[in-house]
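If you want the building blocks of each chain, they are given just below.
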Amino acid sequence: MKRIFLSGYAALFFASLAYAQEGTPAPPPMEPQGPQRTGPWKSSPPTQEVVPVPVPIAPPKPNGPVQKSLVRITATSVDPDYKAPWNAGSLQRGVGAGFVINGNRIMTNAHVVANNRYITVERDGDPNKYPAQVQFIANDCDLALVTVPAKDFFKNMVPLKFGGIPALESTVSAYGYPIGGERMSVTTGIVSRVDFQLYTHSSVDQHLAIQISAQINPGNSGGPVMQDGKVVGVAFQGYSGDVAQGVAYMIPTPVMNRFLKDISNGQYDEYPDLAITYAKLQNPAQRKYLGLVDDDRGVLVSSVVAAGPSDGILRSGDVLLSIDGHPIASDSNVELDGERAQFEEVVERKFKGDSVKLDILRDKQPMTVTIKLFKPWPYSIQGHTYDVRPRYVLYGGLLFQPLSLDMLEAYRTSDLRLRHFFEYFILEQIYLVHPDVIVLSNILPDPINSYLTPYKGAIVDEVNGKKIRTLDELSQAFAQAPERLVIRMIGDGPPLVLDRNKVETARERIKTRYNVLKEQNLEERPASRIAAADEKN
């Protein structure tokens, strides 16, 4: 409401100015007057010399003709419906920016084209909208590559080159198509901070990010941030005005270059991770207890994820002293390219299948270990997913879904048990017992499921005495069920009981009443592939 009010106020203000300019006649030009003398007479005007008025010259563009590299992207997307996952979902339309790089490719943000069904691209000076396709998308670092099949689209367009990490307090310019107009916009600011930040598109991945004071608004996403004619970042996120003023972020070139190198083999493998938690070692007494010398080096391993690459190699209580030859300071930083960065940045620059060497202290004894890297799967439930249909099983009007961030946000649940299972899924290694935490998320009311509302939000533990670990196992248990199904939930309370014959009798009634097109989806496949498979069937 505040934004609408301010916009309306601005509209009234500009309208009043226009009215004043249109309704008041301009005064007649005044002749120049000479100095007046005291007395009843005036002197005649002196002769005026013609003085040339300098014509203002537009300042040079510091980054060149960016219009020849910038494009406007309009994406129509469909967001999944987790409350009724058999439905297609809600239709959305958004505008972002992108820029041409070598190889006739357009770089933009992943969140500009995620869940897309149709994309068009516009370029400066051309009234046409060109259909486009996503080549590669990296939701974990919010980058994507788009291509335009139309012949000669890239003719006369200028690919942009990448620069390095800009210095603090240096000036940068952000280009894009933010709200407020249709043509290209440019805002200028300074580099305020270089740090690891959470990438909100996935809500689970942290990467290097650069804070800038240039204004970034909806429509700037995917546009280049430039300095000295080169791209130094991609505009991608910022705080709203209610949280902080003038705080915006760009994806720096090391992340961009890593994305391009990752896809060079034709697929994107995502970021690997050591999958450990650690604590800083800045307390002198603690350092002495662990056998560390007074050299301000080392961090303490707190836990090791069993599904990660460090399992069986690192242990809780190990002290990490260096990584690939870079000494790890007690505040977890290392020196990289003349800058201090968290030691995870060394792993960030590697790829699936690469190795990293760690010098450690174990039980006060030095040793060296090597870890082959990959991305552990348990992290996926704590982040947003895109371009997939939700997994679910519907039985007797009861909707069962695996616990995930998207599901929690859809239902806005405050159930403490669900929150605990979600937040401690990795730390307490819940995934070893429940690879899928299966939740009775919704109930489609029908006489066969009357009085079952108290079970809504409960976590399935077993069906007819058999432990249920995955959604596939739950589907099989329902398919092979005898006359009565006894579903026990985690925690206290009586089991949920269903009569198989009554469920079968009510099946078509429930499907018709709630327009259920499909009673289950066990695979996270892209929606386009699911639609194609449904057409074949």
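Residues numbered from 1 in each chain as written. Predicted model: local features only at pLDDT ≥ 70, side-chain atom pairs only at ≥ 80, totals over all residues. Heavy atoms only, no water.

Student: Can you walk me through the overall build of the protein in this structure?
Tutor: Looking only at helices and strands, the protein features 10 helices and 28 strands. In the protein, which comprises 537 residues, the share counted as buried stands at 45%. Accessible surface, the protein as shown: approximately 29500 Å² in total, 52% of it carbon and sulfur. (Helix = DSSP H or I, 4+ residues; strand = E, 2+ residues; numbered from the N terminus. Buried < 20%, exposed > 50% of the residue type's maximum accessible area, 1.4 Å probe, protein only. Areas by Shrake-Rupley, 256 points an atom, 1.4 Å probe, with all protein chains shown as cover.)

Student: Explain the pattern of salt bridges here, please?
Tutor: A side chain with one charge can pair with a side chain of the opposite charge if their charged atoms come near. All chains considered together, the criterion is met by 19 salt bridges. Linking E462 and R488 is a salt bridge whose minimum nitrogen-to-oxygen distance equals 3.9 Å. Of the two residues, E462 sits in strand β24 (residues 460–463) while R488 sits in strand β26 (residues 484–489), which places them 26 residues apart along the sequence. A relative accessible area of 38% places R488 in the partly exposed class. A salt bridge links E519 to R507; its shortest N-O distance comes to 2.5 Å. With E519 in the loop between α9 (500–513) and β28 (520–521) and R507 in helix α9, the pair connects residues that are 12 residues apart, well separated along the chain. We classify E519 as buried; its relative accessible area is 18%. Judged by relative accessible area, R507 falls into the partly exposed class, the value being 37%. Here the salt bridges share partners, and the residues they tie into one network are D205, E270 and K375. (Salt bridge = Lys/Arg side-chain N within 4 Å of Asp/Glu carboxyl O.)

Student: Mind showing me how you'd approach the packing of aromatic side chains here?
Tutor: Each aromatic ring pair is specified by the distance between its two centres and by the angle formed by the two planes. Across all of its chains, the model carries 11 aromatic pairs by this definition. On the basis of an interplanar angle of 70° and a centroid distance of 4.9 Å, the ring pair of Y130 and F153 is categorised as edge-to-face. With Y130 in strand β5 (residues 130–138) and F153 in the loop between β6 (143–147) and β7 (171–176), this pair connects stretches of sequence that are 23 residues apart. With respect to class, Y130 is no different from F153; both count as buried. Look at Y395 and F478: their rings are 4.4 Å apart centre to centre, the planes differ by 10°, and that puts the pair in the stacked class. Of the two residues, Y395 is situated in strand β21 (residues 392–395) and F478 in helix α8 (residues 471–479); the sequence distance between them amounts to 83 residues. The class of F478 is buried, set by a relative accessible area of 4%. The ring of F153 has R123 lying over it, and the distance from NZ or CZ to the ring centre is 5.0 Å. (Phe/Tyr/Trp six-rings, centres within 6.5 Å; stacked < 30°, edge-to-face > 60°. Lys NZ or Arg CZ within 6 Å of the ring centre and 35° of its normal.)

Student: Hey, could you run me through the sheet that holds strand β12 (residues 248–252) in this one?
Tutor: Pairing between the strands of a sheet is mediated by backbone hydrogen bonds and can be parallel or antiparallel. Judged by pairing direction, the barrel is antiparallel, and its six strands sit side by side in the order β7-β8-β9-β12-β11-β10 before closing back on the first. For this sheet, the mean angle separating the axes of adjacent strands, direction not counted, is 45°. Of the strands in this sheet, β9 (206–212), β11 (230–238) and β12 touch helix α3 (residues 253–262), which is tilted by about 45° from β12. (Pairing = 2+ DSSP bridges. Axes fitted to C-alpha atoms, helices over the stretch in contact; angles between N-to-C directions. Contact = heavy atoms within 4.5 Å.)

Student: Explanation requested: the sheet that holds β24 in the structure shown.
Tutor: Spatially, four strands are ordered β25-β24-β26-β27 in an open sheet, and the strand pairing comes out antiparallel. With one partner strand each, in any of the chains shown, β25 (466–467) and β27 (496–499) form the two edges of the open sheet. Looking at chain direction, β26 and β27 are connected through four bridges and run antiparallel. Bridge pairing links V486 to V497 in β27. Here α9 sits on the sheet and contacts β26 and β27; the angle it forms with β27, its principal contact strand, is near 65°.

Student: Just to check I follow, could you spell out unusual backbone geometry for this structure?
Tutor: Negative phi values dominate among residues other than glycine, just as trans dominates among peptide bonds. Backbone geometry at S203 places phi at a positive 65°, although glycine is not the residue there. One can find S203 in the loop between β8 (185–198) and β9. We note that K364 has phi near 65°; this positive angle belongs to a residue other than glycine. Examined against the element boundaries, K364 turns out to sit in the loop between β19 (355–362) and β20 (365–372). On the accessibility criterion, K364 (51% relative accessible area) is exposed.

Student: Even after reading the chapter, I still don't get the side chain of D140, so can you show me in this structure?
Tutor: The topology assignment puts D140 in the loop between β5 and β6. This buried residue, D140, is left without a salt bridge; K375 holds the nearest opposite charge, at 4.3 Å. Among the polar contacts made by the side chain of D140, one reaches the main-chain amide nitrogen of Y271 at a distance of 3.1 Å. Setting aside its immediate chain neighbours within four residues, D140 contacts Y199, S202, D205, H207, Y268, E270, Y271 and K375. (Lys, Arg positive; Asp, Glu negative; His and termini not counted. Polar contact = N/O pair within 3.5 Å; in protein donor to acceptor, adjacent residues only side chain to side chain.)

Student: Can you help me understand the environment of T385 in this one?
Tutor: Its location among the elements puts T385 in the loop between β20 and β21. Taking the C-alpha atoms as reference points, T385 and S202, separated by 183 residues in sequence, lie 7.2 Å from one another. Filtering out sequence-adjacent residues up to four positions away, T385 remains in contact with Y82, S380 and D406.

Student: It is not clear to me how the confidence of the model for the protein should be interpreted in this structure. Could you clarify?
Tutor: Note: predicted coordinates in regions of low pLDDT should not be interpreted at a detailed level. Averaged over the protein, the pLDDT score is 86; the fraction of residues at 70 or greater is 85%. Considering only residues more than four positions removed or in separate chains, one finds that residues 1–47, a stretch of pLDDT under 50, has six contacts. Taken together, the stretch residues 527–537 has pLDDT below 50 and engages in nine contacts with residues farther than four places along the chain or on a different chain. (pLDDT = per-residue confidence, 0-100.)

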